[in-house]
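Secondary and tertiary structure notes
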Amino acid sequence: MTIIKVEQLKKEYTAYERGEGFLEAVKSLFKRRKKVFRALKGIDFSVKKGDIVGFLGPNGAGKSTALKILSGILYPDSGNVNIMGFTPWKDRKKYVSHIGAVFGQKSQLFWDLPPLDAFYFQKAIYKINEDAFQEQLKKFIKMLHIEDIIKRPTRQLSLGERMRCEFVMAMLHQPKIIFLDEPTIGLDIIAKGTIRNFIREINKEQRVTVIITSHDLEDIENLCNKVIIINKGDIVFDDKIKKLKISRKKYITISFYEKINLKKLKKLKGVRIKKIISDYIVRLEVNTYKEYLDEIIKRIRMGKRIKDLDIREPPIVDVIKRIYKK
Amino acid sequence: MRSFLKLWFKSAKLQIARRMAYRGEYFISLIAMFILELIGPLLIFIIYFNSEGFPGWTFYEVLLVQGILLTVKGFSFFSFAGIIWNSNVTLMRGEFDIVLLKPRNTLLMFICESFDAEDIAKFIGGLLITTYALSHINGITLVGIGLMIALMILGVGFYFIIALLASSFVFRFIRTFRIYEVMDIFELVGRYPKSIYPKAFGTLFTTLIPIFIIAVFPANALLGRLSIDMVFASVSIILLIFISLKIWFATIRRYASAGG
Ligand SMILES: Nc1ncnc2c1ncn2[C@@H]1O[C@H](COP(=O)(O)OP(=O)(O)O)[C@@H](O)[C@H]1O
Ligand SMILES: [Mg+2]
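Residues numbered from 1 in each chain as written. Chains lettered and ligands numbered in written order. Predicted model: local features only at pLDDT ≥ 70, side-chain atom pairs only at ≥ 80, totals over all residues. Heavy atoms only, no water.

Before going further, it helps to spend a moment on the nonpolar core. By size, the foremost hydrophobic cluster in this structure holds 172 residues, and its most contacted members are I4, F45, F119, F179, I199 and I211 of chain A together with F96 of chain B. Taken domain by domain, the makeup of this core includes at least three residues from each of domain 1 (2–244) and domain 2 (248–325) of chain A. Excluding residues within four positions of it along the chain, I199 of chain A makes contact with I52, F167, L180, V210, I212 and L223 of chain A. Formed by 13 residues, the second largest nonpolar core is a distinct cluster that contains I254, L265, V282 and I297 of chain A. (Core = buried A, V, L, I, M, F, W, Y, C linked by side-chain atoms within 4.5 Å. Buried < 20%, exposed > 50% of the residue type's maximum accessible area, 1.4 Å probe, protein only. Domains from an automatic or database assignment. Contact = heavy atoms within 4.5 Å.)

What follows is the structure, encoded as structure tokens:
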């Protein structure tokens, strides 16, 4: 079932040079220099209920812009968006009660107060009834291990602890969709893991549809069943994540006891040197399209003993680079 | 509306709790704020006793004007005028998006989040001065009290207009603007009765910028000195509220199109 449908969505930013100080401001009333920037050039996509969709793209691609429009806080210039029957920016007040959001850099918590106070404020804003609120809260406390955290002033919390509480803020009113803009930015591996597990769980248990933007390819790889890649305001890829992994290609890091004969290695068919790490270690990209992996390794090894071997899928970043070049 | 008031009280409670985390500092700043607010009335007394005084006004009547002004201003400042300051802050941090994310009227939501725990001192101080002045004035009628309160509410409306326009201005043009100093000027003007101003200013301050409604008119109403000016000022306030609401929402609409 389609839950989000986006057609020909366009957004231009007009930036005026904004003066500092009163005189400058008065001056700018009459004469202002104008700069137009096309952030979204007419994008189309749709999302099914229960999907976890990743928005991927370099800095300035338009990911946050798209997310802001979808969450009803930014007006587009043209195009249609239909989310559960709402047009986000037109039906904002009604619409936003069905969605939740975590914007990496913008906090919904109160700096000087414990998160628990903010949760209760959220309860009042969304008119959540007491029983539902307590039930949700208990569940999230357990899932995110925040029992001790939520009673300490927010300013005393680490970024990871705060982020977990931001997710509670976004989920208390049981939204059907959540929008996450760089939710793992700046977090360590363990904190990222907790957040990812949480996202996976709410997606599975409550069938929450998740739209997430991230720089972190691992986030996308680990969580999403669908990826949309944006570059310079256009969608350059929109499909299942599996399609993005070029499964016929492998990255092999191989380490020998003896010096590597690079001349010979370069001549091998279906093998490309990605990086010479030392005289003994190289990273290679191999093509398993026509040949079994063990046979390729046999050719690479050239009778020498292998000290260590690491075989993995090419990282998405390389795949994306290729897409951008097109 | 009821649910808005509930939310507003909740926010007020939270903000006070926030300040109570540093209790000592909070009480000191409350007291400091109160003493600072006494400078205005004190100046008036110096003028009152060192010159002819205010023609036709007794000492306690002048005190009443000061008390009403502080009450009206104090109430406005702690309950909603925080949006001016908050416009600066949220714009700087780009956090207005969070306000738009809530399933509530944007303005009411913004007001709730802008409660100012410190300015309660002004309000309480104002109430004390007003009560003290009233206790020394004879011949007070219930009708007089009723009219005074009604005009004081419109006086709060005056500050509401200023807050909306100032907030719009901050959103539209600049991020740091010393709007509070402009408010101090209004306050200074509002301390004196109409009779001390040249005629043109007197008219201006009853119609286009109905400043007299924040103190002088409520006091006059209590004292039974009714005039048609009060009607002009009241009508003007209501019209201006309507206009400034339009401007504020248009500004926010524009903000949401420009992406901050
Ligand atoms: N409020 C704004 N005014 C002007 N330009 C903006 C504004 N917000 C974003 N942009 C520009 O639009 C482009 C897309 O921004 P954004 O959607 O934030 O990208 P991303 O989230 O993919 O990094 C960027 O080049 C950015 O500089
Ligand atoms: Mg972004």
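Structure shown, so let's carry the discussion forward.
Residues and elements named next belong to chain A. An order of β5-β6-β7-β3-β8-β9 is seen for the 6 strands of this open sheet, with the pairing classed as mixed. With partners counted over all chains shown, the strands left at the sheet margins are β5 (99–103) and β9 (234–240), one partner each. For this sheet the average axis-to-axis angle between neighbouring strands, irrespective of direction, equals 15°. Sheet topology note: the strand β6 (residues 177–181)/strand β7 (residues 209–213) ladder contains 5 bridges and is parallel. Bridge pairing links F179 to I211 in β7. Strands β3 (52–56), β6, β7 and β8 (226–231) of the sheet are contacted by helix α2 (residues 63–70), whose axis makes an angle of about 150° with β6. Sheet contacts for helix α6 (residues 159–171): β5 and β6; angle to β5, the most-contacted strand, approximately 160°. (Pairing = 2+ DSSP bridges. Helix = DSSP H or I, 4+ residues; strand = E, 2+ residues; numbered from the N terminus. Axes fitted to C-alpha atoms, helices over the stretch in contact; angles between N-to-C directions.)

Let us look at a nonpolar patch on the surface. On the surface, a nonpolar cluster with roughly 840 Å² of combined accessible area is contributed by L165, I228, V231, F232, V235, L239, F242, I243 and I247 of chain B. The biggest single contributor to the nonpolar patch is helix α11 (residues 228–258) of chain B, with 8 residues. (Patch = residues over 30% accessible without salt bridge, like charges linked within 9 Å, V, L, I, M, F, W, Y side chains within 5 Å. Areas by Shrake-Rupley, 256 points an atom, 1.4 Å probe, with all protein chains shown as cover. Salt bridge = Lys/Arg side-chain N within 4 Å of Asp/Glu carboxyl O.)

What follows deals with the domain arrangement of chain A. Residues and elements named next belong to chain A. By the assigned domains, chain A splits into domain 1 (2–244) and domain 2 (248–325). Relative placement of domain 1 and domain 2: their C-alpha centres are 39 Å apart. Carbon and sulfur atoms supply 80% of the area buried between domain 1 and domain 2, which totals about 760 Å² over both sides. Broken down residue by residue, the surface that domain 1 buries against domain 2 is led by L217, E221 and L244, which jointly contribute 53%. Linking domain 1 to domain 2 there are 0 residue pairs in polar contact (both at pLDDT 80 or more). (Buried area = accessible area lost by both parts, 1.4 Å probe. Polar contact = N/O pair within 3.5 Å; in protein donor to acceptor, adjacent residues only side chain to side chain.)

Moving on: empty space enclosed by the protein. Tallied over the full model, the rule gives 2 cavities of 30 Å³ or more. Of the pockets and cavities examined, the largest cavity occupies roughly 50 Å³. What lines the largest cavity is simply I254, F256, I260, N261, L265, V282, I300, R301, M302 and K304 of chain A. A breakdown of the residues in the lining of the largest cavity according to their chemical character gives 7 nonpolar, 1 polar and 2 charged. Approximately 40 Å³ is the volume attributed to the second largest cavity. Lining the second largest cavity are F110, L113 and F121 of chain A together with S11, L14, Q15, C112 and E113 of chain B. Looking at which element gives the most residues to the lining of the second largest cavity, the answer is helix α1 (residues 2–20) of chain B, with 3 residues. (1 Å grid on protein atoms, 1.4 Å probe; cavity = no way out; pocket = protein on both sides within 12 Å on 5 of 7 lines; lining within 4 Å. Points joined across faces, edges and corners; volume = space filled by probe spheres on them. Nonpolar A, V, L, I, M, F, W, Y, C, P; charged D, E, K, R; others polar.)

All names here are of chain A. Judged by how many residues are buried, β3 sits mostly within the fold: 5 of 5 residues are covered. Here β3 shows no split at all, with I52, G54 and L56 on one side and V53 and F55 on the other all buried. Note: β3 against β7, 4 bridges, orientation parallel. By the bridge assignment, G54 is partnered in β7 with I212. Relative to β8, β3 is paired through 4 bridges, and the arrangement is parallel. Looking at β8, one finds that L56 is bridged to I229.

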